[in-house]
Amino acid sequence: MADSNGGAADVGEIDWEPLAAAAHEAMLHAYAPYSRFPVGAAALTEDGRIVSGTNVENASYGLSLCAECTMVGNLQMTGGGRLSAFYCVNSAGAVLMPCGRCRQLLYEFAAPGMVLMTTTGIRAMDDVLPDAFGPQHLEEIS
Ligand SMILES: O=c1ccn([C@H]2C[C@H](O)[C@@H](CO)O2)c(=O)[nH]1
Ligand SMILES: [Zn+2]
């Protein structure tokens, strides 16, 4: 959703329904035999695509991938770009907050002004991950 305000999505213009539907559909593909907590994540790219992902767990529990991880992989494999809006659900249809690791993962690909649907309403990326470490900090030491 590129526009005149520096590429930031206008929060009021985001149609959350297709994102919720894509997150729900992705959740149906979960591999979550250990937690039995299927999750689906979906995001709107700046250029208007919807990308999605689901959690893929592992017998070595700590290796499990959150839905956000596979979503970002799908983003990169389907044209890349940056994310304007994000939505994540469990099998009951409840909206989830991304875990701390996934907030960092999303930050890497966040468009300016990216927003997330959360348990506390629509929140800015910068709000759910303040003072984030990002690519810009890698340049400060060289
Ligand atoms: O935002 C979230 C929160 C949790 N999970 C997954 C990780 C694990 O597989 C299961 C239980 O934590 O839910 C996600 O994929 N995304
Ligand atoms: Zn996570």
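None of these values were measured; they are calculated from a predicted model.

### Looking at the overall build of the protein chain
- Within the protein chain, the secondary structure is distributed over five helices and five strands.
- Ordering the α and β elements of the protein chain from the N terminus gives α-β-β-α-β-α-β-β-α-α.
- For 142 residues, the compact-globule estimate of 2.2 N^0.38 gives 14 Å, and the C-alpha radius of gyration of the protein chain, at 15 Å, lies within 12% of that figure.
- The buried share of the protein chain, taken over its 142 residues, is 41%.
- The long-range fraction of contacts in the protein chain, counting pairs at least 24 apart against all pairs at least 6 apart in sequence, stands at 59%.
- For the protein chain, the computed accessible surface area is about 7,400 Å², with 56% contributed by carbon and sulfur atoms.
- Here the protein chain contributes 6 positively and 16 negatively charged side chains, and the mean placements of these two sets differ by 10 Å.

### A few points about the pattern of salt bridges
- Under the criterion given, the structure shown has two salt bridges.
- Linking Asp127 and Arg123 is a salt bridge whose minimum nitrogen-to-oxygen distance equals 2.6 Å.
- Look at Arg123 and you get partly exposed, because its relative accessible area is 22%.

### Considering the coordination of the zinc ion (ligand 2)
- The protein atoms donating to the zinc ion (ligand 2) are Cys66 (SG), Cys99 (SG) and Cys102 (SG), with metal-donor distances spanning 2.2 to 2.3 Å.
- Sequence spacing among the residues donating to the zinc ion (ligand 2) works out to C-x32-C-x2-C. One end of the pair, Cys66, is in the loop between strand S2 (50–54) and helix H2 (67–77); the other, Cys102, is in helix H3 (residues 100–108), and 36 residues separate them in sequence.
- Overall, Cys66 belongs to the partly exposed group, its relative accessible area being 28%.

### Some points on the sheet that holds strand S5 (residues 121–124)
- The strand order across the open sheet formed by five strands is S2-S1-S3-S4-S5, and the pairing between neighbours is mixed. Edge strands, defined here as strands with exactly one partner in the open sheet, are S2 and S5. The average angle at which neighbouring strand axes cross in this sheet is 20 degrees, direction not considered.
- Note that strand S3 (residues 83–90) and strand S4 (residues 110–118) share three bridges and pair parallel. Across the sheet, Leu83 pairs through a bridge with Ala110, a residue of S4.
- Most of the contacts of H2 go to S2, to which it runs at about 140 degrees, and overall it touches strand S1 (39–45), S2 and S3.
- Lying over the sheet, H3 contacts S3 and S4, oriented at roughly 145 degrees with respect to S4.

### Structural notes on the UniProt feature "binding site: substrate" (unreviewed entry) in the protein chain
- Cross-referencing UniProt, the feature "binding site: substrate" (unreviewed entry) maps to Asn55, Val56, Glu57, Asn58, Ala59, Ser60 and Tyr61 in the present numbering.
- Mapped onto the fold, Glu57 is located in the loop between S2 and H2.
- By relative accessible area, which is 11% here, Glu57 ends up buried.
- Beyond its immediate stretch of four places on either side in the chain, Glu57 contacts Tyr31, Ala32, Pro33, Tyr34, Ser35 and Ser64.
- Polar side-chain contacts of Glu57 include one of 3.1 Å to the backbone nitrogen of Tyr34.
- Aside from chain neighbours lying at most four places away, what touches Asn58 is Tyr34, Leu63 and Ser64.

Here is what the cut-offs are and how they apply
In this convention, every chain numbers its residues from 1, walking through the sequence in written order. Just so you know, chain letters begin at A and ligand numbers begin at 1, following the order they were written in. Where totals are concerned, whole chains, interfaces and linings use all residues; where local detail is concerned, this predicted model gives features only for residues with pLDDT of at least 70, and gives and counts side-chain atom pairs only at 80 or more. In computing side-chain properties, one takes all heavy atoms of the structure into account and sets aside hydrogens as well as water. Numbering of helices and strands runs from the N terminus, with a helix taken as a DSSP run of H or I at least four residues long and a strand as a DSSP run of E at least two residues long. Based on C-alpha atoms, the radius of gyration is set beside the globule rule, defined as 2.2 Å times the residue count to the power 0.38. Think of it in three bands: with a 1.4 Å probe and only protein chains considered, a residue is buried below 20% of the maximum accessible area for its type, exposed above 50%, and partly exposed in between. Contact criterion: two residues are considered in contact whenever any of their non-hydrogen atoms come within 4.5 Å of each other. Residue-level accessible areas treat just the shown protein chains as cover; the underlying method is Shrake-Rupley with a 1.4 Å probe. For the charge count, each Lys or Arg is scored as positive and each Asp or Glu as negative, with His and the chain ends excluded. One atom stands in for each charge, and that atom is NZ of Lys, CZ of Arg, CG of Asp or CD of Glu. Basic side-chain nitrogens of Lys or Arg form a salt bridge, by our definition, when they fall within 4 Å of a carboxyl oxygen of Asp or Glu. Coordination shells were defined by N, O and S atoms within 2.8 Å of each metal, extended to 3.2 Å for Na, K and Ca; water is absent from the atom set, which can make sites look incomplete. The criterion for strand pairing is that DSSP finds at least two bridges linking the strands in question. Axis lines are fitted to C-alpha atoms, over the contacting stretch for helices. Their N-to-C directions set the angle, which ranges from 0 to 180 degrees. UniProt positions are given in the numbering used here, feature names are shortened, and annotations may be inferred rather than shown by experiment. Any pair of N or O atoms that falls within 3.5 Å is considered a polar contact. Within protein, one atom must be able to donate a hydrogen and the other to accept it, and sequence-neighbouring residues count only if both atoms are side-chain atoms.

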